[in-house]
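Understanding the architecture of this molecule
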Amino acid sequence: MSAEQQHRDGQAADPGPRSLAQALRERDDASLGALLRSRPDLLHPVPTDVTQLATRAGTRASVLRALEHLDRFALQAAEALAVAPDPASYQELLDLLAGDDGDEEVAGALPATVALLRERALVWGGEDRLRLVRTARELLAPSASHSSPTGLGPSVAEATSGMSPGRIQAILTAAGLPHTHDTVSAVAALSGLFADRERVAELLEGAPEASREVLTRLVWGPPYGQVTAEPAAHLRWLLDRGLLLPTTPGTVVLPREAALSLRGGRAHRVPEPTRPRVAVAAERKPQVVDAAAGGQALAALDTVEELLRSWDEGGPAVLRAGGLSIRDLKRTATVLEVPEPVAAFWVELAYAAGLIASDGGYVEEHHERHDRPDADAEGYEDEETRDARTRRRSGEAEHYAPTPEYDAWRDLPPAERWAWLLEAWLPGTRAPGLIGGRDGRDRTLSALGPGLERSPAPEVRRRVLELMAGMEPGQAPDPATLLERLRWERPLRSAGPRREQPEPPRTGVRPAYGGGVAANDPEALRTKLTEWALLEAEMLGVTGRGALATHGRALIGAEGRSEGAGAGTAAAGSPRAAVVAALLAPLLPEPLDHVLLQADLTAVAPGPLVRPLAEALGVLADVESKGGATVYRFTPGSVRRALDAGRSATELHAFLDRHSRTPVPQPLTYLIDDVARRHGLLRVGAASSYVRCDDESVLDEILADRRATALRLRRLAPTVVAAQADPRTLIEGLRAMGFAPAAESAEGDVMIARPHAHRTPPRTPPAPVPDGPPAPDATLLTAAVRAVRAGDRAATAPRKETPQAPGGLPRTSPADTLATVQAAAMTGDSVWIGHVNAEGAASQRLLAPLRVEGGYVTGYDHTADEVRTYALHRITGVAELADEPDGAEPAR
């Protein structure tokens, strides 16, 4: 027995419910919970009864959201119902999707698809009376101005609704149909002609070749065309026989019935009942994938740490419009040695993880024209707080800087630090790839600035990883087929009728990160989000060589914190983070506590270093190259930097002896001793500034040097020279001349230049902007279904006739109200009450009074399914329930 036959046999012969509310009322609790789970927007707030639930399920916003979450075949089924008669039978829907020749795949997939549409309250009715929700029909059906997503136009009856009877009769005569004076029967006869495949074929046998070419162009849509006041002969042939019907002056349309006959009964050119398969681009050993992903995860940690170290003493200024300037992003990219779009990704990731934020000063007015929106247009002065204006007057600018969470993150083991970053990346709704593009107002989108929120981003990101997790370990997906699968699962309704898709990236070709996307092109955005998800996963080490790593699979499979929660310490301690960190830890090398010193004044770190060693070596030497092994180079400037930080030559020699696996080379020993011998020989202090030296010949040399002219030096004593420059400029100038001066305090002590770590006040990480309400958990669903059922029982309970106030509320006098509720409290009966709350909102409640005293009535409210207390003066009136028929249970 075929699947469609089983579907028909399983349906009742009765016409089914008369409304969507009745259809929902007949569902069991499990089915009602499935509806609320699939459409969580219906839960906010919880509907009071089934009627309100049905009304909310038919609103435009809710139906649009439900349609956007259908797969392509479910959407095709809904589109077919929108052009089918209302109501339509299951067989009519099957014929529209499978066509005259039939399609076994369509027939096999349709029963489950209809059940899905029923579950989501987009379709209701019996087997022979399938009805699409009215709002969905309005959205998907064709009109006089636009076609259906199927490419079909209006029906004959709709297209001829404003046509004169004489013109309709002329069309009947030209089409070879008998004359009739009844317009309705004339339209029905023309519709029947076009719906008959054989008669349409006979009619077109005598058509000119050019007329058939016109129909070929219009048959699959769009069905509209333009004609002149004097159409050509081949167009006049079609117009005379009603195969083209006028809609507006100069515009004609191919009627729906004729188009379906020419299509062979299909509503869609290519029905797609089967989800596309994700092809395998390459297969690698899982161990190779994990090793590559582990190495990339370590590189990601190094990049984020380098970024945060470069901003440790205070990062770039915040632009007036928010975010980083182009110059600051270029500087950051230079420091990280990556392209600017990639640098923007790492900045955004650190921001999403709560590791960097604004320190709260005033926003700098940048001088780059494209970064400065007009102040009046943005309302900047009106929105600025008094505290911010005070900081502006005091010169305290707002900068980006690490947060206190950075110190906690830095102290974690590497695997836990990586899991912290991933917990911020996966649910994040900001799309760094948009940076550098333009928003809807043609303004440049900047890193850390506004306008980067894209609510579909986390769903696309998660779905990409889920599809990769469904493949065998070590298999890398073909990006083109992966994108096609995502398009099938979430076809975009906002993009209108589906067009031919742009060519996806070819297998093996990795698109460049970033580049932006048009603000009004949702299809291009979805394509870019997919590409960015693959690239970001590779940069972070979730994937290795294009395949999902073991710890990447755990990122999808393990239970984690709820989506949309901020990153931070809670994220680092979530169950998912713990599982992922445990799987990644064996792939990361243990930090080393030694380096290899070489005779060319370099030190090689053969792996990651423990943090104290890395920080100390970063002061004493300059990083020359990075990779699997980091090369540090010792220079006079780097040694002087360590001496300025308060380290002595003896301490530096001991440090190198302790951490080098090779003997300390003589050139490095000589370099440290030579710089230390000259370090502090000159003393610079604040006069404007001065230079002090016990060796008069050194001062003579300085004064004789032509490079000192800009410092405007003047000798005050044999060992003291005054300068017109500030101490910092004077020190830099002397260093440029080859000297090694040291700054001194007012007391004559050498000042130690230690780096000052700047931190923001405690900041909350940015919360992702979700695409809609979060999916409800089991507890919320159970409570919501119970509340809807209780409210429905209350709303459908019969009651006696009573005078009503405006709005349908019962109306009784205060004395009658008091007497009725007192009697109900004594007998245990339930009554209807009309209630107006303090905000003036009126409602009807089914109440079982328990106690009446002090001007209040307390009872069990069946509508809310809980005990409540109401003030008597806010009750408009009371109505007793009608007598229950024998055997019926009272509403409780």
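Residues numbered from 1 in each chain as written. Predicted model: local features only at pLDDT ≥ 70, side-chain atom pairs only at ≥ 80, totals over all residues. Heavy atoms only, no water.

**Looking at the overall build of the protein chain**
Counting secondary structure elements, the protein chain contains 38 helices and 25 strands. Split into buried and exposed, the 892 residues of the protein chain put 49% on the buried side. When contacts within the protein chain are restricted to residue pairs at least 6 apart in sequence, those whose partners lie at least 24 apart make up 69%. (Helix = DSSP H or I, 4+ residues; strand = E, 2+ residues; numbered from the N terminus. Buried < 20%, exposed > 50% of the residue type's maximum accessible area, 1.4 Å probe, protein only. Contact = heavy atoms within 4.5 Å.)

**A closer look at the packing of aromatic side chains**
Enumeration over the complete set of coordinates arrives at 3 aromatic pairs. Positioned above the aromatic ring of tryptophan 409, the side-chain terminus of arginine 417 is 5.5 Å from the ring centre. The ring centre of phenylalanine 655 lies 5.7 Å from the NZ or CZ of arginine 647, which sits over that ring. (Phe/Tyr/Trp six-rings, centres within 6.5 Å; stacked < 30°, edge-to-face > 60°. Lys NZ or Arg CZ within 6 Å of the ring centre and 35° of its normal.)

**Description of the nonpolar core**
Ranked by size, the top nonpolar core spans 94 residues in total, and within it Leu110 and Leu243 carry the most contacts. If you tally residues by element for this core, the top one is helix H6 (residues 72-83), at 9 residues. Beyond its immediate sequence surroundings of up to four residues, leucine 243 is in contact with Phe194, Leu203, Leu204, Leu215, Trp237, Leu238, Val253, Leu254, Pro255 and Ala258. Counting 71 residues, the second-largest nonpolar core is a separate cluster that includes Ala343, Val464, Met468 and Ala581. (Core = buried A, V, L, I, M, F, W, Y, C linked by side-chain atoms within 4.5 Å.)

**Digging into the pairing of strand S4 (residues 245-248)**
Both S4 and strand S5 (residues 251-253) contribute to a ladder of 3 bridges, which runs antiparallel. Bridge assignment links leucine 245 to a residue of S5, and that residue is valine 253. Count of turn residues in the S4/S5 antiparallel hairpin: 2 residues, of which glycine 250 carries a positive phi of about 85°. (Pairing = 2+ DSSP bridges.)

**Quick word on the sheet that holds strand S13 (residues 602-605)**
Pairing within the open sheet is antiparallel, and its 4 strands lie in the order S12-S13-S15-S14. In this open sheet, the two edge strands, each paired with only one partner strand, are strand S12 (596-598) and strand S14 (622-625). On average, adjacent strands in this sheet sit at an angle of 30° to one another, irrespective of strand direction. Alignment of S12 against S13, held across 3 bridges, turns out to be antiparallel. (Axes fitted to C-alpha atoms, helices over the stretch in contact; angles between N-to-C directions.)

**A look at the environment of alanine 533**
Among the secondary structure elements, alanine 533 is positioned in helix H27 (residues 522-540). Beyond its immediate chain neighbours, meaning those up to four positions away, alanine 533 contacts Trp425, Arg461 and Val464.

**Points about helix H18 (residues 326-336)**
The periodicity of an α-helix, 3.6 residues per turn, causes residues three or four places apart in sequence to face the same way. Of the positions making up H18, those classed as buried are Asp328, Leu329, Thr332, Ala333 and Leu336. Mapping the buried residues of H18 onto a view down its axis gives an arc of 140°, with all of them on the same face. Summarising the contacts, the buried residues of H18 are in contact with helix H17 (286-310) and helix H19 (340-352). Looking at the residues trailing H18, positive phi occurs at glutamate 337, about 60°. (Arc of directions from axis to C-beta.)

**Notes on the pattern of salt bridges**
Summed over the entire model, instances satisfying the criterion amount to 40 salt bridges. We note a salt bridge from arginine 490 to glutamate 459, for which the minimum N-O separation is 2.9 Å. Here the residue arginine 490 occupies a position in the loop between helix H26 (479-489) and H27, and glutamate 459 occupies one in helix H25 (residues 457-469), the gap between them amounting to 31 residues. When its relative accessible area of 29% is taken as the criterion, arginine 490 is described as partly exposed. The partly exposed category is assigned to glutamate 459, whose relative accessible area is 32%. The network of salt bridges with common partners includes Asp312, Asp407, Arg410, Glu615 and Arg759. (Salt bridge = Lys/Arg side-chain N within 4 Å of Asp/Glu carboxyl O.)

**A closer look at unusual backbone geometry**
Put simply, histidine 44 and proline 45 share a cis peptide bond, and its omega is -10°. On the secondary structure map, proline 45 appears in the loop between helix H3 (29-38) and helix H4 (50-57). Cis geometry is adopted by the peptide bond preceding proline 87, which originates at aspartate 86 and carries an omega value of 0°. Note that proline 87 resides in the loop between H6 and helix H7 (90-98). Although it is not a glycine, leucine 601 adopts a positive phi angle of roughly 60°. Within the secondary structure layout, leucine 601 lies in the loop between S12 and S13.

**Comments concerning the packing of helix H13 (residues 197-205) against helix H16 (residues 256-263)**
At a closest axis distance of 9 Å, the pairing of H13 and H16 adopts a crossing angle of 90°. In this view, H13 runs roughly perpendicular relative to H16, as classed from their interaxial angle. Together, Arg197, Val200 and Leu204 of H13 and Leu260, Ser261 and Leu262 of H16 make up the contact between the two elements. Across the contact of H13 with H16, the residue classes break down as 4 nonpolar, 1 polar and 1 charged. (Parallel < 35°, antiparallel > 145°, perpendicular 65-115°, else oblique. Nonpolar A, V, L, I, M, F, W, Y, C, P; charged D, E, K, R; others polar.)

**Describing H4**
Those residues of H4 that fall on the buried side of the exposure criterion are Val50, Leu53, Ala54, Arg56 and Ala57. Down the axis of H4, the buried side of the element spans an arc of 165°, and every buried residue falls inside it.

**Here's the deal with the confidence of the model for the protein chain**
In this model, the protein chain carries an average pLDDT of 82, and 84% of its residues clear a pLDDT of 70 or more. Low confidence marks residues 362-395, where pLDDT is under 50. Its contacts with residues over four positions away, or in another chain, come to 51 contacts. Across residues 493-510, where pLDDT falls below 50, the model places 26 contacts with residues more than four positions away in sequence or in other chains. (pLDDT = per-residue confidence, 0-100.)

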